Amino acid sequence: MNSSYAVPAVALVVVATVLVGAFGLRISRTTSDFYVASRTVGPRLNAAAISGEYLSAASFLGIAGLVLVQGPDMLWYPVGYTAGYLVLLLFVAAPLRRSGAYTLPDFAEARLASQAVRRLAGAFVVGVGWLYLLPQLQGAGLTLTVLTGAPDWLGGVIVAVVVTAIVAAGGMRSITFVQAFQYWLKLTALLVPALFLILAWQSDGAPRHAFDEPAAFREQRVVRVDDSIDLTLDRPLPVTVTGTVDGRTHTDTRLELPAGTHHIERGTRLTFAEGATVPHAERSGGGNLSTSQAESREERPLYATYGLILATFLGTMGLPHVVVRFYTSPHGVAARRTTVAVLGLIGAFYLLPPVYGALGRLYAPELTLTGDPDAAVLLLPDRMIGGVGGDLLGALVAGGAFAAFLSTASGLTMAVAGVLTQDVLPSRGVRHFRLGTVLAMAVPLAASVLVGGLPVADAVGLAFAVSASSFCPLLVLGIWWRRLTPPGAAAGMLVGGGSALLAVAATMAGYPGQGAALHALLAWPALWSVPLGFLTMVLVSLATPGRVPPGTAGVLARFHLPEELRTEVTT
Amino acid sequence: MSGFLAGLCVAVLPVLALGVWLGRRTARAKSLAGLGTPVEHATFETLHTASLAAPPLRAGLTEETARRSARKLRSLLGTDALCLTDRAQVLVWDGDGAHHRGEIMERLAGALDTGRGEAFQLTCDSLDCSVRWAVVAPLTVDDRVHGALVACAPRESAVLVRAAGEVARWVSVQLELADLDQSRTRLIEAEIKALRAQISPHFIFNSLAVIASFVRTDPERARELLLEFADFTRYSFRRHGDFTTLADELHAIDHYLALVRARFGDRLSVTLQIAPEVLPVALPFLCLQPLVENAVKHGLEGKAVSPGKCHIQITAQDAGAEALVVIEDDGAGMDPELLRRILAREASPSGGIGLSNVDDRLRQVYGDDHGLVIETATGAGMKITVRLPKYQPGVHSAGRLIRE
């Protein structure tokens, strides 16, 4: 792919982010008029900011890649990512805002008046934040590799350095403007090329077999295999090979591969004829956003789908960078309106990645073989339109992708650094916030460089599952159940979140192997870990009735009463 | 392989955290273990146990605090069961024989009335019950009996009576301290109540004089100013809630400046730069307005000789978990040494008690880290920085955000 446009586009996005972050406030809010100065952030602006912060690499690149590889089943991902806000709207948004809490540990302290629960919640915020940062860095690495052929780790390092510098220098002062800007940038970066791609698809005669199984090549296509893979063939496949297949070396030889499994060495060149079906590939070592446990879905699709739905529906409310944005809403009702607007904005955005996925199945099916299905979004403009137009659209998409990494990563870094500064590092002050920022970014960066090819959709899924099993019970029971006690909350978070964490850690470590019944259970833990978290929290709370914090009634009244009715609430 | 490594990392993190936590908990006890003779060691142990039991009791005698200190107190006395009561009920029973709860309470009435310790035998049907004797030691604070400490043992023992009496006296001292803590909190609350809403009488006189001067020449303006004055005084005198939001405080400052501008006209200009993210931050009521008042005074005083212009800049920035409010003027400034003495209340300021009052309240609400930071020198203006945490337990604005 031509990088002469893409690199300036990425640089432009970074510079624009820094400029809006540093000067947005000065330009838009320097006034001598008090009326202008004390205008609060409207629900729509705040919603755009929340959406901008929320739409991450997994959304921008990952979903298209998943749809490309796995087909329409994967549409549950965008549905889940969006519907999480519905749950947030119904059960959490307004009371959370009225609680006056800025972060999740603040909420734990406000509700339960316990320093221990506060620290535990802080630990989970840091854990979820780090897990969520990891895929952002790896997505950046992948994007830069696709664009310029740079080594894997470079993109991650660039994003990490840029984000740390911006956040530590206080460059996110006008964070609402930056994130809202990032949302519209991301939407434009997907929408405009998508329109052109659909036009190109129309002029191509609007072929409709996108989701035919299996996908087929529409023209003769040469595929270079970068990582050794195993191809599974249902029927014999004619292919021209230069390289090593099943241990035998060929040079430009025309072969008829029989049905069965074939091992392709890295560096091999395969030429597929027009109309050939795309074989099913299994990778020996992961290395992209999409392979993930998608494979294990095929063993127990129903269970896996419900696990996914539960994790994404309930996990959204526990994402630390999303929660802090609700503080910007002036009151509970505004928080609710904001959430409704977020649903609209995110829903609109999520219409686009599946389009790329479907078009990718038509025009770039070989991406399932080369190991970078996530690159579909980046490659399609060049593939379908070509020329300068294709390059420019490709550059736009690349810029949008970097906006996705920057916004999510900076939001997460601020959230994690805030918790580290307040609850972990010894004393307070600006310098400590900088130290916290560096620490917040250093750990996931080191992890992403060290472990390299971690299946990234898993890390996102893990973050959602842990958040759903620890913070969802805390928030829902904390807001709606007056008999919650500090020991109950702590036990629930530890058992629910801890078991989810261990389950996916075990899966990542490759235990137990594919096919075992236990594997699906551990790979999609939300379905049992969320009820486990709730149950533990309820049972331990009921067992310790004496520990219900005094003043609970007052606290809950504050959570649920509209601000206008609130008079002196003594706690 | 890399997946395995990642999984390992994730699995190791909680274990590490647990290790650090356990390490911290056990470190102190171990460092004492190898020290001194057995007698000294025993003394250390006793003092350590006593010091562990003290902090919960410092919060007063409740079910929660009794539960947290009872086990430590029992190990201090070395009895089979220990129970703490208030005047009406058993708060906690630590150890065997919890079925004696009701009986203890009945037999306790005398001791609670007289405030004198006693020992009595318990009646028990169950043969393997090790609790036969109860030693009662009342807990008294300022000659009032708050409750009792009951130590139970299999047989009568003069040593236990003596020890229980001593422990009860020690607990009483802790409770007295708790009483002191409480009255200190009440004092601080009273102080905050007294400190709040001190709008200066000068300001009221001046405002009324300015409004009077407009009544004939520009009645419409006078009416507007009167309304501003009403709004400002309503805000200042309101009785509900000790806290407000930054947005509301800014409105009060706006009303205040409108009145000041009416007096000084073009000589005063104000620039604002407020990050919308921090507008909902809750803060002690009327803690920024005195700072602005101070800036106006200094700004205009400095130019008193040659009536020039004064510029005031108010910025509020979003800084992670805090809001950073800066109020800056280009006026006369102040000698830092004098300022230090004013804040330490060693020197009385020329007019008003604004700065030290605000400083005290901020420190009381947010802790000593969050006092005013003032940069100034004679003739160099003054820059006051306030750091307001976005969340602080117990700080809730009494909501009045009806405006949209």
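Residues numbered from 1 in each chain as written. Chains lettered and ligands numbered in written order. Predicted model: local features only at pLDDT ≥ 70, side-chain atom pairs only at ≥ 80, totals over all residues.

Quick look at the overall build of chain B now. Each helix and strand counted, chain B has eleven helices and twelve strands in total. Taking all 404 residues of chain B together, the buried fraction comes to 38%. The contacts of chain B with a sequence gap of at least 6 include a subset with a gap of at least 24, amounting to 63%. (Helix = DSSP H or I, 4+ residues; strand = E, 2+ residues; numbered from the N terminus. Buried ≥ 20, exposed ≤ 12 C-beta atoms within 10 Å, placed from the backbone. Contact = placed C-beta atoms within 7 Å.)

Another aspect to go through is the overall build of chain A. Looking only at helices and strands, chain A features 23 helices and eight strands. Of all 571 residues assigned to chain A, the portion counted as buried reaches 57%. For chain A, restricting intrachain contacts to residue pairs at least 6 apart in sequence, the fraction spanning at least 24 positions comes to 82%.

We now examine the domain arrangement of chain B. Taken domain by domain, chain B comprises domain 1 (44-182) and domain 2 (196-389). For domain 1 of chain B and domain 2 of chain B, the distance between their C-alpha centres works out to 55 Å. (Domains from an automatic or database assignment.)

Burial of nonpolar side chains together is a common tendency in soluble globular proteins. Residues A376, L380, A398 and V416 of chain A are the most contacted members of the largest nonpolar core, which totals 177 residues. Dropping the residues within four chain positions of it, L380 of chain A is found in contact with L197, Y356, L359, G360, Y363 and A364 of chain A. (Core = buried A, V, L, I, M, F, W, Y, C linked by C-beta atoms within 7 Å.)

Residue and element names in this part refer to chain B. Assignment of secondary structure puts V373 in strand 11 (residues 373-376). Classification of V373 by C-beta neighbours within 10 Å gives exposed; the count is 12. Taking C-alpha positions, V373 is 39 Å from F214, a pair spaced 159 residues apart along the chain.

This part covers the domain arrangement of chain A. By convention, interface size is frequently given as the accessible area that disappears when the constituent parts associate. Structurally, chain A comprises domain 1 (3-26 + 43-203 + 286-565) and domain 2 (221-277). On a C-alpha basis, the centres of domain 1 of chain A and domain 2 of chain A stand 38 Å from each other.

All names here are of chain B. Spatial strand order, 2-1-5-4-3: five strands in an open sheet with antiparallel pairing. On the outer flanks of this sheet lie strand 2 (90-95) and strand 3 (118-121), each paired with one strand and no other. The sheet shows a mean angle of 20° between the axes of neighbouring strands, taken without regard to direction. Here strand 1 (residues 81-86) runs beside strand 2; their pairing, made up of five bridges, is antiparallel. Pairing of L82 across the sheet is with D94, part of strand 2. (Pairing = 2+ DSSP bridges. Axes fitted to C-alpha atoms, helices over the stretch in contact; angles between N-to-C directions.)

Another aspect to go through is the sheet that holds strand 1 (residues 30-31) of chain A. Read from one edge to the other, the open sheet built from six strands follows the order 1(A)-7(B)-9(B)-10(B)-12(B)-11(B), with strand pairing classed as mixed. Every other strand in the sheet has two partners, leaving strand 1 of chain A together with strand 11 of chain B as the edge strands with one partner each. Here strand 10 (residues 322-329) of chain B runs beside strand 12 (residues 382-389) of chain B; their pairing, made up of eight bridges, is antiparallel. Note on strand 12 of chain B: the bridge partner recorded for V326 of chain B is T385 of chain B. Of the strands in this sheet, strand 7 (268-274), strand 9 (310-319) and strand 10 of chain B touch helix 8 (residues 246-264) of chain B, which is tilted by about 165° from strand 7 of chain B.

What follows deals with the packing of helix 3 (residues 43-54) of chain A against helix 9 (residues 175-203) of chain A. Residue and element names in this part refer to chain A. Where helix 3 contacts helix 9, the two axes come as close as 7 Å, and the packing angle between them is 70°. Considering the angle they form, helix 3 stands roughly perpendicular to helix 9. Where helix 3 crosses over helix 9, the two elements pack in a sense that is left-handed. Of the residues in helix 9, those touching helix 3 at L45, N46, A48, A49, S51, G52 and E53 are T176, Q179, A180, Q182, Y183, W184 and K186. (Parallel < 35°, antiparallel > 145°, perpendicular 65-115°, else oblique. Left-handed = near helix turned anticlockwise from the far one by under 90°.)

Quick look at the pairing of strand 5 (residues 144-153) of chain B now. All names here are of chain B. Across the ten residues that make up strand 5, a large majority, eight, are buried. When strand 1 meets strand 5, the two strands line up antiparallel, connected through six bridges. Opposite T85, over in strand 5, you have A148 as the bridge partner. The pairing of strand 4 (residues 133-141) with strand 5 spans nine bridges and is classified as antiparallel. The residue bridging A137 from the neighbouring strand is L149, located in strand 5. Where strand 4 folds back onto strand 5 in an antiparallel hairpin, the turn is made up of two residues, including D142, whose phi is positive at roughly 50°.

With that settled, the discussion passes to unusual backbone geometry. Despite not being glycine, A113 of chain A shows a phi value in the positive range, around 50°. Looking at the element boundaries, A113 of chain A is found in the loop between helix 6 (104-112) and helix 7 (115-148). If you check the backbone angles, D143 of chain B has positive phi at about 70° while not being a glycine. In this structure, D143 of chain B sits in the loop between strand 4 and strand 5. Its 6 C-beta neighbours within 10 Å are what place D143 of chain B among the exposed residues.

Here the focus is the environment of G265 of chain B. Residues and elements named next belong to chain B. Of note, G265 is situated in the loop between helix 8 and strand 7. Since 8 C-beta atoms lie within 10 Å of it, G265 is described here as exposed. Expressed as a C-alpha distance, the spacing of G265 and K309, which sit 44 residues apart in the sequence, is 9.8 Å.

All right, on to helix 4 (residues 57-70) of chain A then. Residues and elements named next belong to chain A. Taking 1.5 Å of rise per residue, the 14 residues of helix 4 would be expected to cover 20 Å, and the 18 Å separating its terminal C-alpha atoms lies within 8% of that figure. Its maximal kink placed at I63, helix 4 deviates by approximately 30°. Among the 14 residues of helix 4, 14 are classified as buried, and the element is accordingly described as predominantly covered. In the segment just after helix 4, G71 is the residue with positive phi, at about 90°. (Expected span 1.5 Å × (residues − 1). Bend = angle between axes of the 7 residues up to and from the residue.)

As a further point, take the confidence of the model for chain A. For chain A, mean pLDDT is 81; residues scoring 70 or higher make up 87% of the total. Between residues 284-294 of chain A, whose pLDDT stays under 50, and residues either more than four places distant or in other chains, the model counts 47 contacts. (pLDDT = per-residue confidence, 0-100.)

Caution applies to low-pLDDT regions: their predicted coordinates should not be interpreted in detail. Residues and elements named next belong to chain B. Residues of chain B with pLDDT of at least 70 account for 83%, and the chain-wide mean is 80. Within chain B, no element has a lower average pLDDT than helix 1 (residues 2-33), which sits at 61, and none a higher one than strand 12, at 91. Low confidence marks residues 400-404, where pLDDT is under 50. Its contacts with residues over four positions away, or in another chain, come to six contacts. Predicted complex, confidence summary: ipTM 0.81, pTM 0.79.

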